[in-house]
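Per-entry structural report
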Amino acid sequence: MPTLPLPESESRALTFSVIVPAFRAESSIRATIESLLAQTYRVHEIIVVDDGSPDATADVVATFGAPVSLIRQANAGTAAARNRGIAAATGDVVCFLDADDVYEPRRLASVAAAFAAEPELDAVLTDAALVEPTRTVLASSWWPLAARRDRLDIRAKIIFCALCIRRPALTALGPFDRRFHLLEDVEMWHRIVCRGYRVGYVDEPSYIYKINPTGKTQGARTAHGAWELFRIDLRYALALPTPHGWRPRLLLRSLRHLRTALRARFER
């Protein structure tokens, strides 16, 4: 298990940096930023990384003042945009938010309370509400009955953006892997839990995830997505830090994803 230093003092308020990668988000980015500015727990900084948007995304972001900042880069993908934001972050805790999603007003307050209650935690995850045109589903409804909620592990299927992680832990983990174009966040989640980082849970759906029919969640169901899942599960089935009890589960999952990827390619 990693042995990272805790902050010098938890008596002062934790500061939160929220990273928002954005691409072609001119129609949604204002509501995303406003949900952060409406937090009952003040956000330290909001770092929007415009990933080469051809629309007016950057112009909309530029209408906001502090604590919103804008970083512009040539289009390089979500992993690169998140890495750019992490490099610029100065808060104690780094959070993520997609440019078409929003936070509930008390989200950061609930995460801060969880860190205060258990200072040894490296990260805190909250539940998320997945909003579709005709229904709303809680991310926690995907979890198998055996999955623990007090300490999350490989069994929990999560919405990665609902995770808030201490910046020293995130630095130690290293950058998002840009070789994964759809599921770099799934790879990072495996990295976190398989290396033994301590993740707490807040059983409140304070992250509102808006389902995009052409987005990455749906992309994970394609041949490309299944191939990335195969590579991720196989990587951590073989990784030295992975607990031995999880290896068979990961290996079996990798083979299932490989079968799905091959079937999808042959049926095209």
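Located above this text is the structure these notes cover.
So, here is what we can say about the structure in this document. Please read these numbers as outputs of a predicted model, since none were measured by experiment.

Each value, and the rule that gives it
Residues numbered from 1 in each chain as written. Predicted model: local features only at pLDDT ≥ 70, side-chain atom pairs only at ≥ 80, totals over all residues. Heavy atoms only, no water. Helix = DSSP H or I, 4+ residues; strand = E, 2+ residues; numbered from the N terminus. Rg over C-alpha atoms; globule rule 2.2 N^0.38 Å. Buried < 20%, exposed > 50% of the residue type's maximum accessible area, 1.4 Å probe, protein only. Contact = heavy atoms within 4.5 Å. Phe/Tyr/Trp six-rings, centres within 6.5 Å; stacked < 30°, edge-to-face > 60°. Axes fitted to C-alpha atoms, helices over the stretch in contact; angles between N-to-C directions. Parallel < 35°, antiparallel > 145°, perpendicular 65-115°, else oblique. Left-handed = near helix turned anticlockwise from the far one by under 90°. Nonpolar A, V, L, I, M, F, W, Y, C, P; charged D, E, K, R; others polar.

Brief notes about the overall build of the protein
Helix and strand counts for the protein stand at 9 helices and 9 strands. The globule rule puts the C-alpha radius of gyration for 268 residues at 18 Å, and the 18 Å found for the protein is close to it. Oriented by its inertia axes, the alpha-carbon framework of the protein measures out at about 50 × 45 × 35 Å. Counting all 268 residues of the protein, 53% fall into the buried class. In the protein, of all internal contacts separated by at least 6 residues, the share reaching a separation of at least 24 is 75%.

Brief notes about the packing of aromatic side chains
Under the counting rule described, the total for this entry stands at 8 aromatic pairs. Centre to centre, the rings of phenylalanine 96 and phenylalanine 176 are 5.7 Å apart; their planes meet at 90°, and the pair counts as edge-to-face. You can see phenylalanine 96 sitting in strand β4 (residues 93-96) and its partner phenylalanine 176 sitting in the loop between α5 (167-173) and α6 (184-194), a full 80 residues away along the chain. Judged by its relative accessible area of 0%, phenylalanine 96 is buried. We classify phenylalanine 176 as buried; its relative accessible area is 3%. Seen from their ring centres, phenylalanine 160 and phenylalanine 176 are 5.7 Å apart, and the 80° between their planes marks the pair as edge-to-face. Residue phenylalanine 160 is located in the loop between β7 (136-138) and β8 (163-166), and its partner phenylalanine 176 is located in the loop between α5 and α6; the two are separated by 16 residues in the primary sequence.

As for the packing of α6 against helix α8 (residues 223-238)
Where α6 contacts α8, the two axes come as close as 10 Å, and the packing angle between them is 15°. By the angle class used here, α6 and α8 are roughly parallel. Judged by the twist between their axes, the crossing of α6 over α8 is right-handed. Across the interface between the two elements, Val186, Glu187, His190, Arg191 and Cys194 from α6 touch Leu229, Ile232, Asp233, Arg235 and Tyr236 from α8.

Quick notes on the packing of α8 against helix α9 (residues 247-267)
Where α8 meets α9, the closest approach of the two axes is 8 Å, and the angle between their N-to-C directions is 155°. By the angle class used here, α8 and α9 are roughly antiparallel. At the point where α8 passes α9, the crossing takes the left-handed sense. For the pair formed by α8 and α9, the contact residues are Ala223, Ala226, Trp227, Leu229, Phe230, Asp233, Leu234, Tyr236, Ala237 and Leu238 on the first element and Arg247, Leu250, Leu251, Arg253, Ser254, His257, Leu258, Thr260, Ala261, Ala264 and Arg265 on the second. Looking at the contact of α8 with α9, its residues break down into 14 nonpolar, 3 polar and 4 charged.

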